[in-house]
Amino acid sequence: MGKKSNKGKERKQQRKAENGKLIGEQREIADTLRHASEVKDLLKEYPAFQQYSRNGLNLSLEYYWAEDMPQDTQEWALALCKSNMEEMYNRAMYNGGWNNEIKLEELAAPEARFLVAYQKVNGEQLDPMAFVHFRWECEESVPVLYCYEIQLEAAVQRKGLGRFLMKFLELIARKAGMHELMLTVLKANTAAAAMYAKLDYVPHETSPLEEEGENYTILTKRLVAPAPVQQPLRAVTNSFQLENIIFGS
Ligand SMILES: CC(C)(COP(=O)(O)OP(=O)(O)OC[C@H]1O[C@@H](n2cnc3c(N)ncnc32)[C@H](O)[C@@H]1OP(=O)(O)O)[C@@H](O)C(=O)NCCC(=O)NCCS
């Protein structure tokens, strides 16, 4: 689905101002993102997620940076996006309609990261059946995992694999210290929207409002609780006030 941002909107400005970070905090965010994006052997830490053997599927997962993804797998990923999404993109005129070159550029971007699920038969890795494309990004001054794409071959849909991959992304994002897991979904994509609703995604603050008439929604799942609102410090002038602060009234 790629990524949409509702630029120039008042709410975005407001949130940016509210989120205004000190330079030290910005550095911390940059470090968190760099740390996450530099990992090459991501799956090593997650043995339980290296395969998916449920509902008649037997798949094994691989993790790639765009530059390491085998060319035939990249070609397959582009073809799968096209066959799953072309009609929906064209009907909604999303990003001006389907465009192979733009999608290939997205898939080949140096910051693109992929989980690919391959069919596994008698221990042998065969055809790719599903993938997610994600990136580590800073959105509205917080570090997020942005899911650019989740695409499954028709033969492996409705077998829990989409949920498994999204839950895995969530785990990876939490472990890497991301504040949110974000994605963009076309309103016409009712199947995907149903899955995200089931997984507790909600519209992001920057998602277009209904009256703006856009054909997409920006969804998010918060992975950390918002920072508590700082109460202004009060001068404590007597023991009654002190007791009140410690034990409440
Ligand atoms: C959307 C997609 C990723 C869902 O993955 P999946 O493995 O088929 O979905 P799951 O089996 O994990 O289903 C999880 C939940 O999502 C919802 N869901 C999934 N597919 C659905 C469909 N076709 N209709 C209605 N609800 C659906 C259901 O609530 C389901 O829970 P349930 O099985 O307990 O009812 C997959 O169908 C796909 O790749 N579609 C084509 C590409 C696409 O649209 N990508 C998303 C772009 S944003």
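Residues numbered from 1 in each chain as written. Predicted model: local features only at pLDDT ≥ 70, side-chain atom pairs only at ≥ 80, totals over all residues. Heavy atoms only, no water.

## Digging into unusual backbone geometry
Within the chain, N55 stands out as a residue other than glycine whose phi angle is a positive 50°. Residue position: N55 is located in the loop between β1 (51-54) and β2 (57-65). (Helix = DSSP H or I, 4+ residues; strand = E, 2+ residues; numbered from the N terminus.)

## Brief notes about the site of the ligand
For the ligand, the set of nearby residues contains 22 residues, the closest of which are I150, R158, G160, G162 and N189. In this structure, an oxygen atom belonging to the ligand sits 2.9 Å away from a main-chain N or O atom of R163. With respect to the ligand, the side chain of N189 contributes an N or O atom lying 2.7 Å from an oxygen atom. When the ligand sits alone it has 910 Å² of accessible area, and the protein chains cover 80% of it. Sorting the residues of the shell around the ligand by element identifies α3 (71-92), β5 (142-152), α5 (161-175), β6 (180-186) and α6 (190-198) as the ones contributing at least two each. If one sorts the elements of the shell around the ligand by residue count, α6 sits on top with 6 residues. (Near = heavy atom within 4 Å. Polar contact = N/O pair within 3.5 Å; in protein donor to acceptor, adjacent residues only side chain to side chain. Areas by Shrake-Rupley, 256 points an atom, 1.4 Å probe, with all protein chains shown as cover.)

## Some thoughts on the packing of aromatic side chains
For the structure on display, the rule yields 13 aromatic pairs. With centroids separated by 5.7 Å and ring planes inclined at 90°, the aromatic side chains of F134 and W136 adopt a geometry described as edge-to-face. You can call W136 buried: its relative accessible area is 10%. Summarising the aromatic geometry, the rings of Y196 and Y201 are spaced 5.7 Å apart at their centres and angled 65° between planes, so their arrangement reads as edge-to-face. Each member of the pair Y196 and Y201 is classed as buried. Looking at K3, its charged tip hangs above the ring of Y146, at a distance of 5.2 Å from the centre. Between K40 and the ring centre of W65, over which it is positioned, the NZ or CZ distance is 3.9 Å. (Phe/Tyr/Trp six-rings, centres within 6.5 Å; stacked < 30°, edge-to-face > 60°. Buried < 20%, exposed > 50% of the residue type's maximum accessible area, 1.4 Å probe, protein only. Lys NZ or Arg CZ within 6 Å of the ring centre and 35° of its normal.)

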